[in-house]
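# Structural overview
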Amino acid sequence: MEERLFNTIYGRNLVGELKNIVQRPYLVVTMEDLWEKFRGEFDEDAHVHFVKTLEYDEIMRELEELGEFEAVIGLGGGQAVDYAKMAAWKTHRPLYQVPTSIATNAVFGHRAGIRFDSSVRYVGYVEPVAVYIDFDVIQKGPKALNRSGVCDVLCYHNAVYDWKYAWDRGKCESQWPYDESLAARSMEVYDRIVEAMDDIYELNEKGIRVLTEGLRWGGGAFHNAGWNPRHIEGTDHFLFYTLEYMTKKKFIHGQPVCLGIFTGSLMQDNDAEGMLRLIHRAGVDIRPEAMGITWEDVFAALKYEKEFLEKDGKWFTVANDFVVTDEFCERVKAMILEVYGEWPEK
Ligand SMILES: [Zn+2]
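Residues numbered from 1 in each chain as written. Predicted model: local features only at pLDDT ≥ 70, side-chain atom pairs only at ≥ 80, totals over all residues.

### Quick word on the environment of valine 257
Within the element layout of this structure, valine 257 appears in helix H13 (residues 254-268). Between the C-alpha atoms of valine 257 and aspartate 152, which are 105 residues apart in sequence, the distance is 8.0 Å. Ignoring anything within four residues of it in the chain, the contact list for valine 257 reads Cys151, Cys155, Asp236, His237 and Phe240. (Helix = DSSP H or I, 4+ residues; strand = E, 2+ residues; numbered from the N terminus. Contact = placed C-beta atoms within 7 Å.)

Structural data, given as structure tokens:
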């Protein structure tokens, strides 16, 4: 399989160089609080748009009103880079992306996670001229947020198992037959992240590079495999989707996904204890209180997950067969508290 990944450049002072390389006039897509930090790096008359919505119809209407620009710069987290993709896609303008965190693989994927009447669909297609990873920007950012990016690679542990599990039971989708070499490739990328876990925790240059390269591979993997998500996503992300649907909360992607990695591998009987310790070592807090939810929310999501996935048309995983009992829920809680300790009372 040919692996085409986005052109990615590492260095420092990369934001400051943008004004020298992009076509003018340019549009900067970012968030209001970030602009305060970065405005000095751009021309005084730079054309800026603050992301307020990811609803498709609203984005299209806003783009009509934004006037003329020759290049698009995405500067920020998932929302800014996804909006920037849509702006570049709609206007056929070149795209330059500067993620200010490495908390997901969103910046390395072709499609944007856009809402249609509040439900997410991944649409569009755009390849940036370059993705710039600025060590200083990442290192000055919130550490827990950046560390949580490991979720989008650790999840291959579940995805690969779910794929084989469905295949062995004749439940695999016909367009995605199990592919041993593709599964092995995912696990190669996974192994590299695990080996570098201490550097990733430190967020030193090596750690940032290794984690980013893992996310970069994952961002391209969906397209490279013919829009096949089987080797990169399964029960890991599915608990997150269920939780998001049930609680309507905004999450830091890595927390509920890492919780799903643990509960999914417990359903799979696939080294759940080892995954829990690895997630803890990575510095990702998966206790519900750390996400602003309760144990009851987690238990309810675990119990509803199977029904939600069937309704939502998700691919077949161990979650479709697994019966979630009260006993299972208590085991999830006990194992997490054993490793993380009780949430401190205020
Ligand atoms: Zn993800």
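### Details of the nonpolar core
By size, the foremost hydrophobic cluster in this structure holds 94 residues, and its most contacted members are Val29, Val72, Ile73, Ala84, Leu154, Cys258 and Ile279. Residue assignment places this core across two domains, with domain 1 (8-140) and domain 2 (143-340) each supplying three or more. With sequence-adjacent residues up to four places away left out, valine 29 is seen in contact with His49, Val51, Val72, Ile73, Gly74, Leu75, Ala80, Tyr83, Ala84 and Ala87. (Core = buried A, V, L, I, M, F, W, Y, C linked by C-beta atoms within 7 Å. Buried ≥ 20, exposed ≤ 12 C-beta atoms within 10 Å, placed from the backbone. Domains from an automatic or database assignment.)

### Details of the packing of helix H12 (residues 235-247) against helix H15 (residues 295-312)
Between H12 and H15, whose axes approach to 8 Å, the crossing angle comes to 105°. By the angle class used here, H12 and H15 are roughly perpendicular. Across from Phe238, Leu239, Thr242, Leu243, Tyr245, Met246 and Thr247 in H12, the residues of H15 making contact are Asp297, Ala300, Ala301, Tyr304, Glu305, Phe308 and Leu309. Its residues placed into classes, the contact of H12 with H15 shows 10 nonpolar, two polar and two charged. (Axes fitted to C-alpha atoms, helices over the stretch in contact; angles between N-to-C directions. Parallel < 35°, antiparallel > 145°, perpendicular 65-115°, else oblique. Nonpolar A, V, L, I, M, F, W, Y, C, P; charged D, E, K, R; others polar.)

### Structural notes on unusual backbone geometry
Trans peptide bonds make up the majority, and among non-glycine residues the majority have a negative phi. Of note, the bond from arginine 24 into proline 25 is cis; its omega dihedral lies within 30 degrees of zero at -10°. Relative to the helices and strands, proline 25 is located in the loop between helix H1 (14-21) and strand S2 (26-30). One non-glycine residue, asparagine 13, lies in the positive phi region at around 55°. Phi at aspartate 271 is positive, roughly 55°, even though this residue is not glycine.

### Overview of the pairing of strand S4 (residues 71-76)
A large share of S4 lies buried, amounting to six of its six residues. Direction of pairing for S2 relative to S4: parallel, over a ladder of four bridges. Bridge pairing links valine 28 to isoleucine 73 in S4. Across five bridges, S4 lies against strand S5 (residues 95-99) in parallel orientation. Its bridge partner lying in S5, glycine 74 is registered against glutamine 97. Once the chain exits S4 it traverses helix H4 (residues 78-91) before rejoining the sheet at S5, and the crossover so formed is right-handed. (Pairing = 2+ DSSP bridges. Right-handed = clockwise from strand over helix to strand, strands pointing away.)

### Some words on the sheet that holds S2
One open sheet holds the six strands; their spatial order is S1-S8-S5-S4-S2-S3, and the pairing between them is parallel. Each of the sheet's edge strands pairs with one partner strand only, and the pair in question is strand S1 (8-11) and strand S3 (47-50). Along the sheet, successive strands turn relative to each other by an average axial angle of 20°, direction set aside. Bridge count for S5 against strand S8 (residues 130-134) is two bridges, and the pairing is parallel.

### Comments concerning the domain arrangement of the protein
Domain boundaries assigned for the protein yield domain 1 (8-140) and domain 2 (143-340). One C-alpha centre belongs to domain 1, the other to domain 2; they are set 27 Å apart. With 15 residues of domain 1 in contact, the opposing surface of domain 2 contributes 21 residues. Residue assignment for the side of domain 1 that touches domain 2 shows that the elements contributing at least two residues are S1 and helix H5 (135-140). Sorting elements by how many residues they give to the side of domain 1 that touches domain 2 places H5 first, with three residues. For the side of domain 1 that touches domain 2, the residue count by class is eight nonpolar, seven polar and no charged.

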